[in-house]
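What the coordinates show
What follows is the residue order along each chain.
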Amino acid sequence: MGSSDEKVVAVIMVGGPTKGTRFRPLSLNVAKPLFPLAGQPMIHHPISACKRIPNLAQIYLVGFYEEREFALYVSSISTELRVPVRYLREDKPHGSAGGLYNFRDLIMEDNPSHIFLLNCDVCCSFPLPEMLEAHKSYGGMGTILVIKVSAESANQFGELVADPVTNELLHYTEKPETFVSDRINCGVYVFTPDIFDAIRGVSSQRKDRANLRRLSSFEALQSATRNPPSDFVRLDQDILTPFAGKKQLYTYETMDFWEQIKTPGMSLKCSALYLAQFRFTSPNLLASGDGTKSATIIGDVYIHPSAKVHPSAKIGPNVSISANARIGAGVRLISCIILDGVEIMENAVVFHAIVGWKSSIGKWSRVQAEGDYNAKLGITILGEAVAVEDEVVVTNSIVLPNKTLNVSVQDEILL
């Protein structure tokens, strides 16, 4: 098959509501993949990156959310990018590789030569065309995007060792207890369809082992709790680890940014990374202003066209303002995400915070935090419809929806 005829499909794993608990209270209102980073849904960033893949035929989103939660977004993004995007709902957990295998017939409908697999809660520049070129030159079954991190943080991820010359994956271990390598798995892959044979092989081995042993009822119960079902296949432990060193898997290292979006604090950090990337990819999305006819803009800022911002306000850096927000006179916003329908009144200050849908912040109030993206109370989060009255200071706190604050709070979770 000639390269001009080769088709590529992309599969993005979006998880499900049970997995988004660390993202509360924001995930109480919206599926985590649809939470806006830099003014665009989280899922939008990997999807728009997929658009740059040559000969892209289809994008599939795979997860446990109800289909209705994604219906509107899938319809609009398919029209906007002119690429078919389809949501596939898993009936039960199959693991990261098993989820791919579960929909193999649909994925292979277009007879693709290559399949990209991405995790939705990854924030990076997604160098997918470059990965594909490298993958083709290696000639293996799969290529993994990797990045160098500090030795202290590496054990939070899948650590790997690759040949420095050929880039072959030699060793892979998921979240090891002892240090293995400062290169980690970024959760972005490209495979040939041979990946389905590899996954099928894992399932078959499990079935064979189960059939070989004639277990007593007690042993069967013990085994069921210890061993996953045959159709539950994890990409890391069940595919990457056993296939390392067999000239099947290779690595492509990114020198750009990469983060995992597990918590609201990390979403604020990743919003900043995407805003900075807009300078090169979508400068038209960034606001500008010098304080005369429009607000003073400092650094990278996104303002939805429907938002109303007073010319005397000072906005940025790292600020994203969503639809129908109203920002009053003299307001100062730094490093924050302002969601739909928020009102911030005169001379209020917001920094290192996420302000939830339809919330209001009164005159001369402050909603603030230290800006430690990894700490539980490192940023302040207001859930939906929280009212902060005039001259109230909210510091390093999480406020659940529908609360009214008329006194100042610090280092609290307000249920």
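Residues numbered from 1 in each chain as written. Predicted model: local features only at pLDDT ≥ 70, side-chain atom pairs only at ≥ 80, totals over all residues. Heavy atoms only, no water.

Of regular secondary structure, the chain possesses nine helices and 31 strands. Taken over C-alpha atoms, the radius of gyration comes to 23 Å for the chain, in line with the 22 Å a tight globule of 415 residues would show. Once the C-alpha set of the chain is aligned to its principal axes, its extents read approximately 70 × 55 × 40 Å. Here the chain holds 415 residues, and the buried ones make up 52% of them. (Helix = DSSP H or I, 4+ residues; strand = E, 2+ residues; numbered from the N terminus. Rg over C-alpha atoms; globule rule 2.2 N^0.38 Å. Buried < 20%, exposed > 50% of the residue type's maximum accessible area, 1.4 Å probe, protein only.)

Right, let's talk about the environment of I12 for a bit. The residue I12 is located in strand β1 (residues 8-15) in this model. Placed 105 residues apart in sequence, I12 and L117 show a C-alpha to C-alpha distance of 5.9 Å.

What follows covers the packing of aromatic side chains. For the structure on display, the rule yields nine aromatic pairs. Relative to Y274, the ring of F257 has its centre 6.2 Å away and its plane inclined at 85°; by these criteria the two rings are edge-to-face. With a gap of 17 residues between them, F257 in the loop between β12 (249-253) and β13 (258-260) and Y274 in helix α9 (residues 264-281) connect regions that are remote in the sequence. No difference in accessibility class separates F257 from Y274, as the two residues are buried. Just above the ring of Y101 sits the side chain of R104; from NZ or CZ to the centre is 3.9 Å. Directly above the ring of F243 sits K246, whose terminal nitrogen or CZ lies 5.9 Å from the centroid. (Phe/Tyr/Trp six-rings, centres within 6.5 Å; stacked < 30°, edge-to-face > 60°. Lys NZ or Arg CZ within 6 Å of the ring centre and 35° of its normal.)

Core analysis: the biggest nonpolar cluster contains 66 residues, and I12, F35, I47, I59, L61, F116 and L128 have the highest contact counts within it. Non-local contacts of F116, meaning those with residues more than four positions away in its chain, are made with V8, V9, A10, V11, I53, L128, M131, L132, Y189 and V190. Listed in part, the 33 residues of the second largest apolar core include V146, Y172, I239 and A244. (Core = buried A, V, L, I, M, F, W, Y, C linked by side-chain atoms within 4.5 Å. Contact = heavy atoms within 4.5 Å.)

Strands sit in the order β16-β19-β21-β23-β26-β29 across an open sheet of six strands; the sheet is parallel. The sheet is open, and its two borders are formed by β16 (308-309) and β29 (404-405), each paired with just one other strand. By the bridge criterion, two bridges tie β16 to strand β19 (residues 326-327) in an arrangement that is parallel. Residue pairing across strands places K308 opposite R326, the latter belonging to β19. (Pairing = 2+ DSSP bridges.)

Another point: α9. Counted at 1.5 Å a residue, the expected span for α9 with its 18 residues is 26 Å, and the 25 Å between its end C-alpha atoms agrees. Along α9, the positions that sit buried rather than exposed are P264, G265, M266, S267, L268, C270, S271, Y274, L275, Q277 and F278. (Expected span 1.5 Å × (residues − 1).)

Moving on, we get to the confidence of the model for the chain. Here the chain averages 90 in pLDDT, and 92% of its residues register 70 or above. Segment residues 221-225 is flagged for pLDDT under 50; beyond a separation of four residues in sequence, or across chains, it makes one contact in the model. (pLDDT = per-residue confidence, 0-100.)

The next point concerns the environment of Y101. Structurally, Y101 can be placed in helix α3 (residues 95-102). Residue classification places Y101 among the buried positions, given a relative accessible area of 15%. Sequence separation of Y101 and V233 is 132 residues, and the distance between their C-alpha atoms is 8.9 Å. Every residue in contact with Y101, bar those within four places of it in the chain, is listed here: F196, I199 and R200.

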